[in-house]
Amino acid sequence: LKMSRFWLYLLLHLLGVACLCHSIKAPTTSSQQSFKTDLFNFYHSLLLADGKETTVHLLKDIPKRYYFVLEEGRALAPFTITVTPCDVPIEWSILVHKASASFLGKAAGGDHDTQEVSKSQKAPSMVSTIFNFKGNSVETYMGVSPHSALYILEFLSTERDTHIAVYLTTDTTSGHLFPELPSDPRLDVIGIGHTTVTLTWKHSPSVLQHRENIQYCLLVNEKHNYKSLCAAETAIRSSRMKLSPTLALSLSPYLLEPQQVMILSKSELSIISKASSGEVRQTCMGTKNTYTVSNLSPSTQYYFDVFVVNLLTNASAAYTGTFARTLEEPEPKVMELKDGKVIQVVLDGKNQKFYSLQYQARHKKIQFAFQLCRGQVQVLITKNGKTVASENISGLKYFLLKGKFLDTYLVQLRSTEESNSSVKVQVSTPFHKPSFPLLPDSLKIKSFSKLRTCNSVTIAWLGTQEESKYCVYKKKIEEDQVWTELQNADRCSGPESRHKTEKVLCKYFYDVNLQRAVTTETINGLDLGTLYLFDVYIFGPSGIPVRYHSKVVKTRKKC
């Protein structure tokens, strides 16, 4: 510290002690009592750092004071104070404590300092409030001090415990800690879709001057706008605390929590925090001043806030937030089902929306058939608006339903996995031949370990009471391919998708006695110690195949 500042601090401290000691010894006048109160307030205040942002924690209904000194010798010394509430509205004020040079000289003169304090009525110190504010918006006070003075900042929260950020600077020539906002800081909505909103805003002067150290960050939520990034982060932390005391959102991508998702794509950083109050998205897009927010929900109101952030100081300034409502989702297209016709439907796993099929009955009894090709699919069938069937299907599933002539059936399908799913669908009446084959109770293929040799494998599978065509295929695979082959197999694809060299044989088979409807096949000409994938296809009357569950078998290494 400079010497003048050091002596001023020391002098004020001694004055506080002297006043408190003298108050015990003798009666005091009202002016003396007021002076001692002012010094007592100073004595219980904290020094506010110059040139850096200070976080201040406030307890409900308990004022907190900070002070700073502007030295003598700096004529018309300018200073700036910026206060950012991070939660509820607060009250804050600036008080200036002025003391004449003659008074200070007497107070520091020698052994009779306490007597000078008690006797001096000509030049008492004066305290006056020069600024006060109440609210939760970011507020900046710019002042000029014509002479040496002690300033006290007083903060009070009357709603609940909270915290604020305070920035003081007496050096107005070294640039701005906070990025500057344009003269028109509003956000403009230039496009609205069912799941997208496009925003634009005027560039910050700071971006034009210090492009490499400034970036824009966008916050999206469904509750309300935020007046500062500090307030937004506090709200998210508070919401997360209800679920877990360790969860919070920070502007820094290095401080992600378990229920936050960070997405880095095309030089854009997105952080998604799933708070109890809903999803909050934060995207930093560099210095672009036009941005399209995607993956929104239709017919939903969203609030948008843009903050310009100084990457060197982490200080930010808020544009005036806006809101927009996405368009209503269009009615889903309903596809008509025709008697006996088989269609294949691919379902989007990301959206997991229902795909609708409609059928008007031409008979009292109808049958729906569903063959799962890939993934997991939920089926919901309604008749004249009432649910008659609902099930997650696997393999081949039939629903035989009874109703009236011209009943309207609505079939709704959706993927229950994040990946895409697909399913074949057919509706038929008793007058139509079923397109799908009659299936056995199990579609598993069994292999016999004792019959396994170095160049042959014996497999078996169940048949039915109806004569059907069965075709067997084999394929060499590696150890690391087993999981992929079994999980990603398209169970609706037929032998036409296989290479001709993979075909082993085709044969017809049935047995009236289901207990004996089992067939075996020994596949020869295999390589020793090699993994093989075996598939069996059964064909229905119309030629539509159904694939048994694939079986992986390894030939022996030694025989």
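Residues numbered from 1 in each chain as written. Predicted model: local features only at pLDDT ≥ 70, side-chain atom pairs only at ≥ 80, totals over all residues. Heavy atoms only, no water.

By the naming in an unreviewed UniProt entry, the protein goes by Protein NDNF and is assigned to Centropus unirufus.

Trainee: Let's hear about the state of the cysteines: which residues, and what values?
Mentor: For the structure shown, the criterion picks out five disulfides. There is a disulfide in this structure between C217 and C284, and the S-S distance comes to 2.0 Å. With the S-S bond torsion at 100°, the cross-link from C217 to C284 turns out right-handed. With C217 in strand β12 (residues 214-221) and C284 in strand β15 (residues 278-284), this pair connects stretches of sequence that are 67 residues apart. For C454, the disulfide goes to C559, at an S-S distance of 1.8 Å. Judged by the sign of its S-S torsion, about 120°, the bond between C454 and C559 is right-handed. One end of the pair, C454, is in the loop between β29 (446-447) and β30 (457-462); the other, C559, is in the segment after β36 (551-554), with 105 residues separating them in the sequence. Accessibility expressed as a relative area gives 12% for C454, which makes it buried. Of the residues examined, C559 reaches a relative accessible area of 73% and is grouped as exposed. For the protein, the disulfide bridges join cysteines in the arrangement 1-3, 2-4, 5-8, 6-10, 7-9, where the cysteines are counted in sequence order. (Disulfide = S-S within 2.5 Å. Helix = DSSP H or I, 4+ residues; strand = E, 2+ residues; numbered from the N terminus. Buried < 20%, exposed > 50% of the residue type's maximum accessible area, 1.4 Å probe, protein only.)

Trainee: With reference to specific residues and values, describe the sheet that holds strand β21 (residues 342-347).
Mentor: As a general point, the strands of a sheet are linked pairwise by backbone hydrogen bonds and lie either parallel or antiparallel. Strands sit in the order β21-β28-β23-β26 across an open sheet of four strands; the sheet is antiparallel. Every interior strand has two partners, whereas the edge strands, β21 and β26 (396-402), have only one. Neighbouring strand axes in the sheet, compared pairwise and without regard to direction, differ in orientation by 20° on average. Bridge count for strand β23 (residues 365-374) against β26 is seven bridges, and the pairing is antiparallel. (Pairing = 2+ DSSP bridges. Axes fitted to C-alpha atoms, helices over the stretch in contact; angles between N-to-C directions.)

Trainee: Which residues make up the side chain of E502, and what values go with them?
Mentor: If you trace the backbone, E502 turns up in the loop between α7 (482-487) and β32 (503-509). Excluding its chain neighbours within four sequence positions, the residues that come into contact with E502 are V472, Y473, K474 and K475. (Contact = heavy atoms within 4.5 Å.)

Trainee: Quick one: what's the story with the environment of K60, residue by residue and with numbers?
Mentor: Take K60: it is sitting in the loop between β2 (53-58) and β3 (64-70). When the C-alpha atoms of K60 and T162 are compared, they prove to be 7.7 Å apart, with 102 residues separating the residues in sequence. Discounting chain neighbours no more than four positions away, the residues touching K60 are S157, T158, E159, R160 and D161.

Trainee: Lay out the packing of aromatic side chains with the relevant residues and their values.
Mentor: Each aromatic ring pair is characterised by the separation of its centres together with the angle its planes make. Here the structure, examined in full by the defined rule, presents 20 aromatic pairs. Ring geometry for Y216 against Y319: centres 6.2 Å apart, planes inclined by 70°, an arrangement best described as edge-to-face. Linking Y216 in strand β12 with Y319 in the loop between β18 (316-318) and β19 (322-325), this pair joins segments that are 103 residues apart in sequence. Residue Y216 shares its accessibility class with Y319, and that shared class is buried. Taken together, a centroid distance of 5.7 Å and an interplanar angle of 75° make the contact between F370 and F399 edge-to-face. Of the two residues, F370 is situated in strand β23 and F399 in strand β26; the sequence distance between them amounts to 29 residues. Exposure remark for F399: the relative accessible area of 9% places this residue in the buried category. Put simply, the rings of Y66, F68, F79, W92, F131, Y141, Y151 and F155 pair up and form one aromatic cluster. We note K397 situated over the ring of F399; from NZ or CZ to the ring centre the distance is 5.6 Å. Between the NZ or CZ atom of K469 and the centre of the ring of F539, over which it lies, the distance is 5.4 Å. (Phe/Tyr/Trp six-rings, centres within 6.5 Å; stacked < 30°, edge-to-face > 60°. Lys NZ or Arg CZ within 6 Å of the ring centre and 35° of its normal.)

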